[in-house]
Amino acid sequence: MNQKQQNGTMNIAFLIYDQVEALDLNGPLDVFIKANVISAGSYNCYTVGKTRDAIHMEGNTMAVIPSYDVQTVLQPDMIVIPGANPDYVMEYLQDDDFQNTVMSWIKDQYRKGTIIFSVCTGSMLLSKTGILDQHEITTHSMLLDTLEQYNPKSIVKRNVRFVDQEQLITTAGITAGIDAALYLVEKHHGKELADTIVTLFEYQQREFEH
C-alpha cells in the first residue's frame, strides 16, 4: 500500500456515467465520507465523468454533475467504478468513445499504481482494459458467466462478496460494495473506525468470504 494511503489523505475518484446504479455509487461513497467525518483527513472523495455534463442515474430519477472530467480530475489514489444494468454495461463495452476516453484514463491510472475498486457489474466495464488479466475477480451473480467469457485470463470467483488483489478490488452485487468499502476502511485505518461506521449505518453485516 502506498505510504500516502497509510499516513495521509487518500484521494478517491468515483466514476459516474449515464445510467449508473445509485447504490453502487452512494453505498461506498457514504462509507468513505463517514470515515472522513470521524477521522478527518482520511479520505477526499469526488466524482469524475467523461465530461462535466450532468449524467442521469439509473431510472432517470435524478441528474448528477461530476466534480471533474477525466481531463481535469485531481490525481486519485483509488478509483471506484460503480456498475449499471447489464444491458447498459454491455453497450458501454461496445462504445468506442467511452472506451477511448474514460476506460483509457482508468487504464493509465492503473499503470501509475492507482487502486481500482469496482462495484457489482462495474468489473465488467474493465473487460477490454487488460486490468483484470491474471487476477481473481468477481461481479454480480447475474454476470459471472459473461465476465468469465470476456476475461479468459482471469479467475472468476463465485459465492464471494469481494476479492482483494491489492491494486484491484472487485465486488459482487450492489451491497457488496458497502462491505468492501468497510473492509478497506478497516485495512487503512483499523477496525474501530470501520465498526463505528457500521454502528452509524445500523448496518447488519453478513458473514462473507473474500
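In what follows, the structure referred to is the one given above.
Residues numbered from 1 in each chain as written. Predicted model: local features only at pLDDT ≥ 70, side-chain atom pairs only at ≥ 80, totals over all residues. Heavy atoms only, no water.

> Explanation requested: the overall build of the chain in the structure shown.
Helix and strand counts for the chain stand at seven helices and 11 strands. The C-alpha atoms of the chain give a radius of gyration of 16 Å, which matches the 17 Å a tight globule of 210 residues would have. Within the span of the chain, comprising 210 residues, buried residues form 50% of the whole. On the chain, roughly 9,700 Å² of surface is accessible, and the fraction owed to carbon and sulfur atoms is 46%. (Helix = DSSP H or I, 4+ residues; strand = E, 2+ residues; numbered from the N terminus. Rg over C-alpha atoms; globule rule 2.2 N^0.38 Å. Buried < 20%, exposed > 50% of the residue type's maximum accessible area, 1.4 Å probe, protein only. Areas by Shrake-Rupley, 256 points an atom, 1.4 Å probe, with all protein chains shown as cover.)

> Could you clarify how one ought to interpret the nonpolar core in this entry?
Nonpolar side chains tend to gather and get buried jointly when the protein is soluble and globular. Counting 63 residues, the largest nonpolar core has Phe32, Ile106, Phe117, Leu126 and Val185 as the members making the most contacts within it. The residues contacting Ile106, other than those within four sequence positions of it, are Leu15, Ile79, Ile81, Ile116, Leu126 and Ile131. (Core = buried A, V, L, I, M, F, W, Y, C linked by side-chain atoms within 4.5 Å. Contact = heavy atoms within 4.5 Å.)

> Is there a simple way to think about the side chain of Gln99 in this case?
Considering the arrangement of structural elements, one finds Gln99 in helix α4 (residues 96-111). By relative accessible area, which is 12% here, Gln99 ends up buried. Gln99 has contacts with Tyr92, Leu93, Ser104, Leu125 and Lys128, leaving out every residue within four places of it along the chain.

> What is the right way to look at the sheet that holds strand β5 (residues 68-69) in this model?
Strand pairing in a sheet takes place through backbone hydrogen bonds and is either antiparallel or parallel in direction. Spatial strand order, β5-β2-β1-β6-β7-β11-β10: seven strands in an open sheet with mixed pairing. Looking at the sheet topology across the chains shown, the edges are occupied by β5 and β10 (162-164). (Pairing = 2+ DSSP bridges.)

> Any chance you could explain unusual backbone geometry here in plain terms?
Glycine aside, residues mostly have negative phi angles, and peptide bonds mostly take the trans form. Residues other than glycine seldom take positive phi values, yet Asn60 does so here, at roughly 60°. Among the structural elements, Asn60 can be located in the loop between β3 (55-56) and β4 (63-64). We note that Glu202 has phi near 50°; this positive angle belongs to a residue other than glycine. Within the secondary structure, Glu202 sits in the segment after α7 (191-201).

> Sorry, what's going on with helix α6 (residues 176-189) here?
Helical periodicity: at 3.6 residues per turn, an α-helix aligns residues three or four positions apart in one direction. Under the 1.5 Å per step criterion, the end-to-end length of α6 is 20 Å for 14 residues, consistent within 8% with the ideal 20 Å. With 10 of its 14 residues buried, α6 lies for the most part within the structure. For α6, the full list of buried residues reads Ala176, Gly177, Ile178, Asp179, Ala180, Ala181, Leu182, Leu184, Val185 and His188. (Expected span 1.5 Å × (residues − 1).)

> Teacher, can you tell me more about the packing of helix α2 (residues 22-38) against α7 here?
Any two packed helices are characterised by how steeply their axes cross, that is the angle between the axes, and by the distance between the axes. At a minimum axis separation of 10 Å, α2 and α7 run at an interaxial angle of 115°. In terms of orientation, α2 lies roughly perpendicular with respect to α7. Remark: the crossing between α2 and α7 carries right-handed chirality. On the side of α2, the interface is formed by Asp30, Val31, Lys34, Ala35 and Ile38, while α7 contributes Leu193, Thr196, Ile197, Leu200 and Phe201. (Axes fitted to C-alpha atoms, helices over the stretch in contact; angles between N-to-C directions. Parallel < 35°, antiparallel > 145°, perpendicular 65-115°, else oblique. Left-handed = near helix turned anticlockwise from the far one by under 90°.)

> Is there a simple way to think about the environment of Met142 in this case?
When you line up the elements, Met142 lands in the loop between β8 (136-137) and α5 (144-150). Assessed through its relative accessible area of 62%, Met142 is described here as exposed. In the structure, Met142 is positioned 132 residues away from Met10 in sequence and 32 Å away in space, judged by C-alpha atoms.

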